[in-house]
Amino acid sequence: MNRFKAGEHEGVTWVRGIAGWSNFSIKVFLYLVDGVLIDTGPVKLSGILVPFLEQQKIETVLLTHYHEDHSGNAPYLAGREIPVYINAISLERCRVKTRLPWYRKVFWGNREAFSPYPLDEKLTTDSLTFKPVSTPGHVFDHRSFYLPDKGFFFTGDLFVTTHPQMVLNTESTPRMIEDLKTVLRYDFSTVFCGHAGIIHRGREVLQKKLDYLEDIQGKVLHLHNRGLSVSQITRKLFPGRLHLEYLSCREWSAEHMVRSLLTGKATAENPRPRT
Ligand SMILES: [Fe+2]
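Attention in this report is confined to the structure presented alongside it.

The rules behind the values
Within any chain, residue numbers begin from 1 and follow the written order of that chain's sequence. Local features in a predicted model are, by the rule used here, given only for residues with pLDDT of at least 70; side-chain atom pairs are given and counted only at 80 or more, and totals for whole chains, interfaces and linings are based on all residues. Hydrogens and water are ignored here; the side-chain numbers use all heavy atoms of the structure. A cavity here means a set of points on a 1 Å grid, drawn over the protein atoms and nothing else, where a 1.4 Å probe fits but cannot get out; a pocket is an open set with protein on both sides within 12 Å along at least five of seven lines, and a residue lines either one if it has an atom within 4 Å of a point. Grid points are joined across faces, edges and corners, and a volume is the space filled by probe spheres set on the points. In DSSP terms, a helix is any run of H or I states spanning at least four residues, a strand is any run of E spanning at least two, and both are numbered starting from the N terminus. Gly counts as polar in this scheme, as do all residues outside two lists: the nonpolar Ala, Val, Leu, Ile, Met, Phe, Trp, Tyr, Cys and Pro, and the charged Asp, Glu, Lys and Arg. Sodium, potassium and calcium take a 3.2 Å donor cutoff, other metals 2.8 Å, and in both cases only N, O and S atoms count; water is not among them, so sites may look incomplete. Only two sets of limits are used to name each site, 85 to 135 degrees for every angle of a tetrahedral four-donor site, and over 155 degrees for opposite donors with all other angles from 65 to 115 for a square planar four-donor or octahedral six-donor site, with any other site named irregular. Helix axes are fitted to C-alpha atoms over the stretch in contact, other axes to C-alpha atoms as well, and angles between N-to-C directions run from 0 to 180 degrees. In what follows, roughly perpendicular refers to angles from 65 to 115 degrees, roughly parallel to angles under 35, roughly antiparallel to angles over 145, and oblique to any angle outside these ranges. Crossing handedness is read from the near helix: turned anticlockwise from the far helix by less than a right angle, it gives a left-handed crossing, and turned clockwise, a right-handed one. The contact definition used throughout considers only heavy atoms, calling two residues in contact when any of these lie within 4.5 Å. Think of it in three bands: with a 1.4 Å probe and only protein chains considered, a residue is buried below 20% of the maximum accessible area for its type, exposed above 50%, and partly exposed in between. Helix span, expected: 1.5 Å multiplied by one less than the number of residues in the helix. Note on pairing: two strands pair once DSSP finds at least 2 bridges between them. The term salt bridge refers to a side-chain nitrogen of Lys or Arg lying within 4 Å of a carboxyl oxygen of Asp or Glu. In these notes, a set of buried Ala, Val, Leu, Ile, Met, Phe, Trp, Tyr and Cys residues joined through side-chain atoms within 4.5 Å is what counts as a nonpolar core.

Structural notes on the layout of surface pockets
Then, in step 1: Taken as a whole, the largest pocket spans an internal volume of roughly 890 Å³.
Then, in step 2: Mapped by element, the contributors of at least two residues to the lining of the largest pocket are strand E3 (24–33), helix H2 (68–71), helix H5 (102–107), strand E12 (167–168) and helix H9 (243–247).
Then, in step 3: For the lining of the largest pocket, the per-class residue count stands at 18 nonpolar, seven polar and seven charged.

Regarding the coordination of the iron ion
Then, in step 1: Within the protein, the atoms that donate to the iron ion are His65 (NE2), His67 (ND1), His138 (NE2) and Asp157 (OD), at distances of 2.2 to 2.3 Å.
Then, in step 2: Of note is the iron ion, whose four donor atoms meet at the metal with angles of 88 to 178 degrees in an arrangement that counts as irregular.

Quick look at the packing of helix H8 (residues 230–237) against helix H10 (residues 254–263)
Each packed pair of helices is defined by two parameters, the angle between the axes and the distance between the axes.
Then, in step 1: Running from amino to carboxyl end, H8 crosses H10 at an angle of 125 degrees, the nearest separation of the two axes being 9 Å. On the basis of the axis angle, H8 is oblique to H10. Two packed elements cross with a definite hand, and for H8 against H10 that hand is right-handed. Within the contact between the two elements, H8 uses Val230, Ser231, Ile233 and Thr234 and H10 uses Ala254, Glu255, Val258, Arg259 and Leu262.

Comments concerning unusual backbone geometry
Then, in step 1: The phi dihedral of Asp34 is positive, around 50 degrees, even though this residue is not glycine.
Then, in step 2: Position of Asp34 among the secondary structure elements: in the loop between E3 and strand E4 (36–38).
Then, in step 3: The exposure class assigned to Asp34 is partly exposed, which follows from its relative accessible area of 32%.
Then, in step 4: Its identity is not glycine, yet Glu81 carries a phi of approximately 65 degrees, on the positive side.
Then, in step 5: Exposure remark for Glu81: the relative accessible area of 71% places this residue in the exposed category.

Quick look at helix H6 (residues 173–184)
Then, in step 1: Taking 1.5 Å per residue, twelve residues should reach 16 Å; H6 reaches 16 Å between its end C-alpha atoms and fits that length.
Then, in step 2: Elements in contact with the buried residues of H6: strand E9 (129–134), strand E11 (152–156), helix H7 (202–225) and H10.

What to know about the sheet that holds strand E7 (residues 117–118)
Then, in step 1: The sheet built from seven strands is open, its strands ordered E1-E2-E3-E4-E5-E6-E7 with mixed pairing. The open sheet has two edge strands, strand E1 (4–9) and E7, and neither has a second partner.
Then, in step 2: When strand E5 (residues 60–62) meets strand E6 (residues 84–86), the two strands line up parallel, connected through two bridges. Along E6, the bridge assignment pairs Leu62 with Tyr85.

Some remarks on the sheet that holds E9
Then, in step 1: Judged by pairing direction, the sheet is mixed, and its six strands sit side by side in the order E8-E9-E10-E11-E13-E14 without closing on themselves. If you trace the sheet from one side to the other, it starts and ends with strand E8 (123–124) and strand E14 (197–199), each paired once.
Then, in step 2: In the sheet, E8 pairs with E9 via two bridges, with the strands oriented antiparallel. Bridge pairing in E9 links Thr124 to Thr129.

A look at the pattern of salt bridges
Then, in step 1: Counting across every chain of the model gives eleven salt bridges.
Then, in step 2: In this structure, the salt-bridge partner of Lys57 is Glu59, at a minimum N-O distance of 3.0 Å.
Then, in step 3: For Lys57, a relative accessible area of 62% gives the class exposed.
Then, in step 4: For Glu59, a relative accessible area of 41% gives the class partly exposed.
Then, in step 5: Arg250 is paired through a salt bridge with Glu255; the nearest N and O atoms lie 3.2 Å apart.
Then, in step 6: Taking the relative accessible area as the measure of exposure, Glu255 reaches 12% and is therefore buried.
Then, in step 7: Bridged by salt links that share partners, the residues Glu245, Arg250, Glu255 and Arg259 form one connected network.

Quick word on the nonpolar core
When a protein is soluble and globular, its nonpolar side chains tend to lie buried together.
Then, in step 1: Of all hydrophobic cores here, the largest spans 30 residues; its most connected members are Phe153, Leu180, Phe188, Val191, Leu206, Leu213 and Phe238.
Then, in step 2: When residues of this core are traced back to their parent elements, those giving at least two are H6, strand E13 (190–193), H7 and H10.
Then, in step 3: In contact with Leu206, not counting residues within four places along its chain, are Phe159, Leu180, Val183, Leu184, Phe188 and Val191.
Then, in step 4: One finds Val15, Ala74, Leu77 and Phe107 within the second-largest nonpolar core, a separate group that totals 26 residues.

Laid out in structure tokens, this is it:
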């Protein structure tokens, strides 16, 4: 499989890398539009991404969130004196090197320390305006970037799939439901996802995910009202255990979806950086 691919879509340069380990592989997408790079990919893909990025005119980097598969090459770009922006609540977290659990270290690689700038308001280039939209369901600092002039939404890890069977422990499914409703209020057509790539029927797929999560929410509350525990509900709604759940020591689990739907909070709410 070709681990690197790049192309252009309506003025957006897209780059796709594939990270792999054992039987697993995950696609990672970066987007460059009007000198603005959205997300930087993981350190483990720096060998294929950096030579490409070196040839591009990049004036600004926007990070959707701090996770290492999105911020991994930000230190390299910051080292080129390119300003990197992220939600202000993650500045401190970025100033220390990550100490990832083993499976994330193997898959993505630890990100070095770097010093980003806070981006709370819009970012304007010569011809475009990027509007950050708070979408903290995936993780507390997550933001999507809306391009009203083009009807584009850069959604980081908001979408990824229509039917998630498990989520990371930083994810809150009720907040994800609110995020999807928030984004769907905007006027847009195309979604640029951090892992699923360019989705032309963007509204349709986000609505599909919203419908699925609301269906799960209804089922979880129904079973909870019948007296079932979090683990009983999880076994009933998600009977199959995926390899990733064992591999990640349950950092990824269906149980995080169920628990967050009952508590309103992610299992690991705003985890402290490991130092
Ligand atoms: Fe993420």
